[in-house]
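Each chain, written out:
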Amino acid sequence: MHYRREIDGLRAVAVLPVILFHAGISLFRGGFVGVDVFFVISGYLITTIIVSERRQGSFSFLRFYERRARRILPALFLVLACSVPVAWLWMHPHEFADYGRSLAATALFISNVHFWEHTDYFARDAEIQPLLHTWSLAIEEQYYLVFPLILLLLGRFRRGAYLLVIALMALASLGLSEWGARHEPDANFFFTLSRFWELLAGSLCAILLLDRPPWKSQILSLLGLGLVLFAIFAYDDTVPFPSVWALAPVGGTALVILFAGNGTLVARLLSLPAFVGLGLISYSAYLWHQPVFAFARIRSLLEPDPALMLGLAALCIALAALTWRFVEQPFRHRRNPAIRGPVRLLGVSAAGSAALVALGLVVFHKGAALQPWPMDPRVIQAEFDTNDRLKQCLPSSIAFDWKALAADCSDIKGKDRLNVALIGDSHADHFARALRELPDRQFNFYQFTANSCPPFAGVRTGKRNCDHYYTRLQQALEQTGMDIVIIASRWTSYVTAQRFDNGEGGVEHGVSEPIVVDKLRRGSAAYRDAVAAHFQRGIETYLETGYKVVLVHPVPEAGWNVPRMAYKIAAFEGQPLENIELSTSHQRFLDRNHVAINAFDTLTAENLAHVRPSGILCDTMIPDRCANIALGRILYHDDDHLSTQGARLIAPAIEAAVEALAHRRPGKGS
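Undergrad: Give a detailed account of the overall build of the chain, specifying residues and quantitative values.
TA: Scanning the chain for helices and strands turns up 27 helices and ten strands. For a compact globule of 670 residues, the expected C-alpha radius of gyration is about 26 Å, and the chain comes in at 28 Å, within 12% of that figure. The C-alpha extent of the chain, read off along each of the three principal axes, is 85 × 55 × 40 Å. The buried share among the 670 residues of the chain stands at 58%.

Right, here's the structure in full:
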């Protein structure tokens, strides 16, 4: 096929935003769409090769997969091999075990399935997963397995028939992607069939341009590049993705491929040596960037500063150049006599994959025992023996089944006792175990919580419509004869639509779950006031319905993953847990949470009691500070949820509020 320099330049436009996005450079908040650009380019190039060779009668599945193996595997195997010892040395034992599973999945090209089951791409923990980025390689490899067979079934090349069938498949995949964005957003991101339409868009370009050069259109090629750049700089992780929103980067890439003919401004720009050079090494740059960034974050106690991350981005480019020169090129051009010939090459590739799978499984099953740093069992307890999220008591809004929760997540003392329900999101759930285990509890305990959903009507948080939860919750409260509700949620995260930065290097990654309120701009003063007022009205609705309400005010956030900090300080600085003291500023808490606190303080009613966790955690164990680790106790499960030990400090205050309300008459909210 005819070499197009501008396509390599387009690869540079794809890879650089991805790298800077994962480096945490806020300007490139939509840099993740670079992967979609890669998908279109891959579909275009692969289809061009397959169809051209089939028309010439020279296509061979064996040679096709040999070329794919030479292109993909050598650099991939190198990066995977280099990541193993660093992971062994620096990763938390349970992170290391999960790394082993991802290593095996990557070698089998099913890492998208692994991350689909275990990770949210935009979640804060995703940034410390060294092999997260390999999900896109898995999608491409799965496409390479399926698409040649589809073309074989289509028979002799007929441009119209090929275009029709591929277009119909692309539309079906796009429709599935849009449905998934609305109903299964977490799985949708990694799901193969939700992504195939992006590669198929490239395949359509290949069929349209077969035997002809690209069209020359200044307007359409500029529009295409503009759409890609728009997505890079305007999108963020609140955009439902992939979905019809992906039409901007995908359609823009297709326009560039189709209309950036020789002489167009876009073709000249993308053909500049800097773009072409970066495009040539883009695959290796993509492979290196995520492990380098993840290990930097893992080794550092605090969030690495932007200057360091930019320096590491430059390091990734340098590593990519070396890998391209000394690994990619020799293998692609068959310079090693030991692997000449497709059968021998594929045999060596299979052996390499099998070795990595075996190593990954050993790490997964024995990882904690293999590492050099001992792990205090109290760290394990704080991370894994914490609350009921591991017992399926915190479902999504869609999966909320109150009858199942009443059966599996409640503790009933007797029919003559008060019925008390814990409702809200994960910041309600983290109290559940401590409340359930109160030694002298005199009430029946029910848990009706849903992930990322405050218990009020008319709420959409991020990609989740919480009305399903609210409707089912009202059925649960009515049919179980509830007397008292304990309402807790991560109030300030919704009010501010911002994650927590403790000002001392503890930066919570990701974008908060904003509530849709009157189409106000999230983060504005009007938005904050509107969300707080919505919460006020929601609480008043429970009071006016006749429920007694225990309102739990905001829990101080940590900003850093507290158990992981405990492990790092112990492992890298040699301090025992008893000597570790970790805390955040009390004033920082007050400044961040004042809107929610002020809104709640205005609520008074005979059937309302307030519980303030900050009064227990802040300025008590450590002066002017909110304790994260104190007196040998890890008080947090991660960077904002309490551990069971932390929740046990708050549970008696909640119990006391319940008992006080039990002796009051129901009243109306004021």
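Undergrad: Quick rundown of the sheet that holds strand β5 (residues 484-488)? Include the residues and the values.
TA: The parallel open sheet is built from five strands, whose spatial order is β2-β1-β5-β6-β8. Two strands lie at the open edges of the sheet, namely β2 (444-449) and β8 (608-611), each paired on one side alone. Neighbouring strand axes in the sheet, compared pairwise and without regard to direction, differ in orientation by 20° on average. Looking at chain direction, β5 and strand β6 (residues 548-552) are connected through four bridges and run parallel. Its bridge partner being in β6, isoleucine 484 is matched across the sheet by lysine 548. Where helix α27 (residues 644-662) meets the sheet, it contacts β1 (419-424), β5, β6 and β8, and its direction lies at approximately 155° from that of β6.

Undergrad: I'd like to hear about the packing of helix α4 (residues 93-107) against helix α16 (residues 342-370), residue by residue, with values.
TA: As a packed pair, α4 and α16 sit with axes 7 Å apart at the nearest point and diverge in direction by 160°. In terms of their interaxial angle, α4 and α16 are classed as roughly antiparallel. Considering only the axes of α4 and α16, their crossing is left-handed. Of the residues in α16, those in contact with Pro93, Phe96, Ala97, Tyr99, Gly100, Arg101, Leu103, Ala104 and Ala107 of α4 are Ser353, Leu356, Val357, Leu359, Gly360, Leu361, Val363, Phe364, Gly367 and Ala368. Here the residues of the contact of α4 with α16 are counted per class, giving 14 nonpolar, four polar and one charged.

Undergrad: Tell me about the nonpolar core, and please be specific about residues and values.
TA: Ranked by internal contacts, the top residues of the largest apolar core, which has 118 residues, are Tyr99, Trp135 and Phe293. When near neighbours in sequence (up to four residues on either side) are disregarded, tryptophan 135 contacts Val35, Phe39, Ser111, Asn112, Phe115, Tyr121, Phe189, Phe190, Arg195 and Tyr286. The next biggest cluster of nonpolar side chains, apart from the first, holds 47 residues, and it includes Tyr567, Ile580, Ala609 and Ile629.

Undergrad: So what's going on with the pairing of β6? Residues and values would help.
TA: Among the five residues in β6, five count as buried, and that is most of the element. Of the two faces of β6, the one lined by Lys548, Val550 and Val552 and the one lined by Val549 and Leu551 are each fully buried. Sheet topology places β6 next to β8; four bridges connect them, and they run parallel. Residue leucine 551 lies in a different strand from β8, and its bridge partner there is histidine 610.

Undergrad: Outline the environment of glutamate 573, supporting the account with residue identities and numerical values.
TA: Relative to the elements of secondary structure, glutamate 573 occurs in helix α24 (residues 562-573). Looking at glutamate 573, the relative accessible area reads 45%, which means it is partly exposed. Setting aside its immediate chain neighbours within four residues, glutamate 573 contacts Leu301 and Lys568.

Undergrad: Tell me about unusual backbone geometry, and name the residues and values.
TA: Backbone torsion omega between phenylalanine 241 and proline 242 reads -5°, so that peptide bond is classified as cis. Within the chain, phenylalanine 109 stands out as a residue other than glycine whose phi angle is a positive 60°. Tracing the backbone through its elements, the reader meets phenylalanine 109 in the loop between α4 and α5 (111-118). For aspartate 624, which is not a glycine, the phi torsion comes out positive at approximately 65°. With respect to the helices, strands and loops of the structure, aspartate 624 is situated in the loop between α26 (614-617) and β9 (625-630).

Undergrad: I'd love a proper account of the packing of helix α2 (residues 34-56) against helix α9 (residues 192-209), names of residues and values included.
TA: Following both chains from N to C, one finds α2 and α9 inclined at 45°, their axes separated by 7 Å at the closest point. Between α2 and α9, the interaxial angle falls into the category oblique. Classified by chirality, the crossing of α9 by α2 is right-handed. Contacts between α2 and α9 involve Asp36, Phe39, Val40, Ser42, Gly43, Tyr44, Thr47, Thr48 and Val51 from the first element and Arg195, Glu198, Leu199, Ala201, Gly202, Ser203, Cys205, Ala206, Ile207 and Leu209 from the second. Partitioning the contact of α2 with α9 into residue classes produces ten nonpolar, six polar and three charged.

Undergrad: Explain the pattern of salt bridges to me, using residue names and the numbers behind them.
TA: Evaluated as defined, the whole model comprises 24 salt bridges. The residue arginine 564 makes a salt bridge to glutamate 95 at a minimum N-O spacing of 2.2 Å. Of this pair, arginine 564 sits in helix α24 while glutamate 95 sits in helix α4, and the two are 469 residues apart along the sequence. Note on accessibility: arginine 564 and glutamate 95 belong to one class, buried.

Undergrad: Tell me about the state of the cysteines, residues and numbers included.
TA: Under the counting rule described, the total for this entry stands at three disulfides. For cysteine 393, the disulfide goes to cysteine 409, at an S-S distance of 2.0 Å. Linking cysteine 393 and cysteine 409, the disulfide has an S-S dihedral of approximately -90° and is accordingly described as left-handed. Here the residue cysteine 393 occupies a position in the loop between α17 (377-384) and α18 (402-408), and cysteine 409 occupies one in the loop between α18 and β1, the gap between them amounting to 16 residues. You can call cysteine 409 buried: its relative accessible area is 2%. With a sulfur-sulfur separation of 2.0 Å, cysteine 453 is cross-linked through a disulfide to cysteine 466. In this structure the cystine formed by cysteine 453 and cysteine 466 twists about its S-S bond by roughly -80°; its chirality is therefore left-handed. Of the two residues, cysteine 453 sits in the loop between β2 and β3 (460-461) while cysteine 466 sits in the loop between β4 (464-465) and α21 (467-479), which places them 13 residues apart along the sequence. As far as the burial class goes, cysteine 453 and cysteine 466 line up, both buried. The connectivity of the disulfide bonds within the chain can be written as 1-2, 3-4, 5-6, using the sequence rank of each bonded cysteine.

Undergrad: Give me the lowdown on α21, citing residues and values where you can.
TA: Compared with an ideal rise of 1.5 Å per residue, which puts 13 residues at 18 Å, α21 spans 18 Å between its outermost C-alpha atoms and is within 8% of the ideal. For α21, the complete set of buried residues consists of Tyr469, Tyr470, Leu473, Ala476 and Leu477. One side of α21 holds all its buried residues, which, seen down the axis, span an arc of 125°. Set apart from the buried face of α21 by more than 90 degrees, the exposed residues are Glu478 and Gln479. On the buried face of α21, the contacting elements are α18, β1, β2, β5 and α23 (525-545). Glycine 481, located one to two residues past α21, shows a positive phi value of around 65°.

Undergrad: I'd like a description of the sheet that holds strand β7 (residues 582-585), backed by residues and values.
TA: Overall, antiparallel pairing links the three strands, which are arranged β7-β9-β10 in an open sheet. Edge positions in the sheet fall to β7 and β10 (633-634), since each has one partner strand and no second. Across two bridges, the pairing between β9 and β10 is antiparallel. Counted as the bridge partner of isoleucine 629 is isoleucine 634 from β10.

Each value, and the rule that gives it
Here the residue index of a chain counts from 1 through its sequence in written order. In keeping with the predicted nature of the model, local features appear solely for residues at pLDDT of at least 70, side-chain atom pairs appear and are counted solely at 80 or more, and the whole-chain, interface and lining totals rest on all residues. Heavy atoms from the whole structure form the basis of all side-chain values; hydrogens and water molecules are not counted. Elements are defined by DSSP. Helices are runs of H or I of four residues or more, strands are runs of E of two residues or more, and each kind is numbered from the N terminus. Radius of gyration means the value over C-alpha atoms here, while the globule rule gives 2.2 Å times the residue count to the 0.38 power. Burial here depends on accessible area, computed with a 1.4 Å probe over protein chains only, as a share of the maximum for the residue type. Under 20% is buried, over 50% is exposed, and the range in between is partly exposed. Strands qualify as paired when DSSP identifies two bridges or more between them. Only the stretch in contact is used when a helix axis is fitted, and all axes are lines through C-alpha atoms; the angle between N-to-C directions ranges over 0 to 180 degrees. A contact between two residues is defined here by any heavy atoms of the two lying within 4.5 Å. An angle below 35 degrees is treated as roughly parallel, one above 145 as roughly antiparallel, one from 65 to 115 as roughly perpendicular, and anything else as oblique. Left-handed describes a crossing whose near helix is turned anticlockwise from the far helix by less than a right angle; the clockwise case is right-handed. Residue polarity follows a fixed list, in which Ala, Val, Leu, Ile, Met, Phe, Trp, Tyr, Cys and Pro are nonpolar, Asp, Glu, Lys and Arg are charged, and the others, Gly among them, are polar. Nonpolar core, defined: a set of buried Ala, Val, Leu, Ile, Met, Phe, Trp, Tyr and Cys residues in which side-chain atoms within 4.5 Å join the residues together. Salt bridges are identified by distance alone: a Lys or Arg side-chain nitrogen within 4 Å of an Asp or Glu carboxyl oxygen. Any cysteine sulfur atom paired with another within 2.5 Å is treated as part of a disulfide. Under the convention used throughout, the expected extent of a helix is 1.5 Å for every residue step, that is, one less than its residue count. What the arc covers is the set of directions going from the helix axis to the C-beta atoms.

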